[in-house]
Structure formats: structure tokens, C-alpha cells
Amino acid sequence: VIERSLDGSATTRTLIENSAGYLYPGSVSPDGRWLSLDRGDTTRSSRIFVLDLEGSGKSQAIGEGKGRQSNSRFSPDGRFIAYDSNESGRQEAYVVPFPPTGAKYQVSSSGGTQPVWRSDGAEIFFLDPENFLTAVPVQVTAGVPQFGAPQRLFQIYGSRGPVVRWDAAPGG
């Protein structure tokens, strides 16, 4: 993963290398300090990491590392990271606090992948196993996210793959 100024005024900087697999950038934290990454290897295993863009330049794993984790996204306030994992035996959407506390919260209950936050953090959208874009209300009380009932919005096609190929417009 490299960093390059959009106007070309600065030199290119290598942020992190992964010679034995792949790296997919997830998202940058709202304060610009952290980059979430999906780091995989040749065994088709992947983990979520965050890379310190301003301080040490080091990366740290997020979560326990069970199953295949991918599609990481910071919440709009930077307090959580959403991702998907097959640790339960099928792809589900999860949220973990950031910085990590060891807590983990399952967002989907019947399968879910490619979680994306609404711009105000009040909902998480994900794709269910039948490619329906699904919305789940999010409310945070005392630092703990609470998830409402999922609501299917509409079916979309051509969006499956190793990286998120869609996004929510500002305002949802």
C-alpha cells in the first residue's frame, strides 16, 4: 500500500508491504490517523489490521483472528470498525470497538457481507445472501452499539467479490 499526493507535489511513500499475499485497504479513520486493511495470505485466510499513518507506522491486528475477515470500514465517528467474517460458518457482518477492547458485536443474523456505515453512523448497510441491500439501525449507549431489526431495501447484482464495490451516499 502506497501513499501519494493527489496533486503529485509529494513523493510516494510505501506504507506497508505484504509479500506473501494481498492487502486491500478498507477505510481511513475520520481523524486521518488510521487505515484499516484486509491482509490475506496464500491459504485464503485474511485478517483485519489497522495501520498507524501518523505515529509509529506499525500495524496491529483487530479481533481474535477466527475465520476469514474482510471489508473493514471505520464508523463515521471513528469509534468502531465494521467488517465481515465467516467465523460462524457463514459470512456475517460484525462491529468491534476501536481502539480494540476485545468486544465484538454481530450485526447480521442470517448472513451478511460488505458492511458500510451511513454517513451519520445511525445505520449499517450490508448485502444479505440473496444480494438484498439491508439496513440495520445502530444506536450507541454507554459505548455499546445496539442494533435494530434488519430491513431489506432492494436487490442488487454484480456487487460480490473480495472488496466492497458500492457505497452509501451522504445522508444514507
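Our structure's up above, just so we're on the same page.
Given the structure is predicted, the values throughout are model-derived calculations rather than measurements. (Residues numbered from 1 in each chain as written. Predicted model: local features only at pLDDT ≥ 70, side-chain atom pairs only at ≥ 80, totals over all residues. Heavy atoms only, no water.)

Moving on: the pattern of salt bridges. Under the definition given, this model contains eight salt bridges. Between D128 and R152 there is a salt bridge, with its nearest N and O atoms 2.7 Å apart. Separated by 24 residues along the polypeptide, D128 in the loop between β12 (123-127) and β13 (132-141) and R152 in strand β15 (residues 151-155) bring together distant segments of the chain. Of the residues examined, D128 reaches a relative accessible area of 8% and is grouped as buried. Two residues, R152 and E130, come together in a salt bridge whose shortest N-O distance is 2.8 Å. Taken together, the residues span a long stretch of sequence, with R152 in strand β15 and E130 in the loop between β12 and β13 at a distance of 22 residues. For R152, a relative accessible area of 42% puts it in the partly exposed group. Three or more residues joined by partner-sharing salt bridges are found here, namely R118, D120 and E123. (Salt bridge = Lys/Arg side-chain N within 4 Å of Asp/Glu carboxyl O. Helix = DSSP H or I, 4+ residues; strand = E, 2+ residues; numbered from the N terminus. Buried < 20%, exposed > 50% of the residue type's maximum accessible area, 1.4 Å probe, protein only.)

To continue, consider unusual backbone geometry. With an omega of -5°, the peptide bond running from F98 to P99 counts as cis. Relative to the assigned elements, P99 resides in the loop between β9 (92-97) and β10 (105-106). Backbone geometry at Q114 places phi at a positive 55°, although glycine is not the residue there. Of note, Q114 is situated in strand β11 (residues 113-117). For A142, which is not glycine, the phi torsion reads 50° and is therefore positive. The topology assignment puts A142 in the loop between β13 and β14 (144-147).

A word on the sheet that holds β10. Strand order in this open sheet of four strands is β7-β8-β9-β10, and the pairing throughout is antiparallel. A strand with exactly one partner marks an edge of an open sheet, and here the two such strands are β7 (69-74) and β10. Across six bridges, strand β8 (residues 80-85) lies against β9 in antiparallel orientation. Bridge assignment links D84 to a residue of β9, and that residue is A93. (Pairing = 2+ DSSP bridges.)

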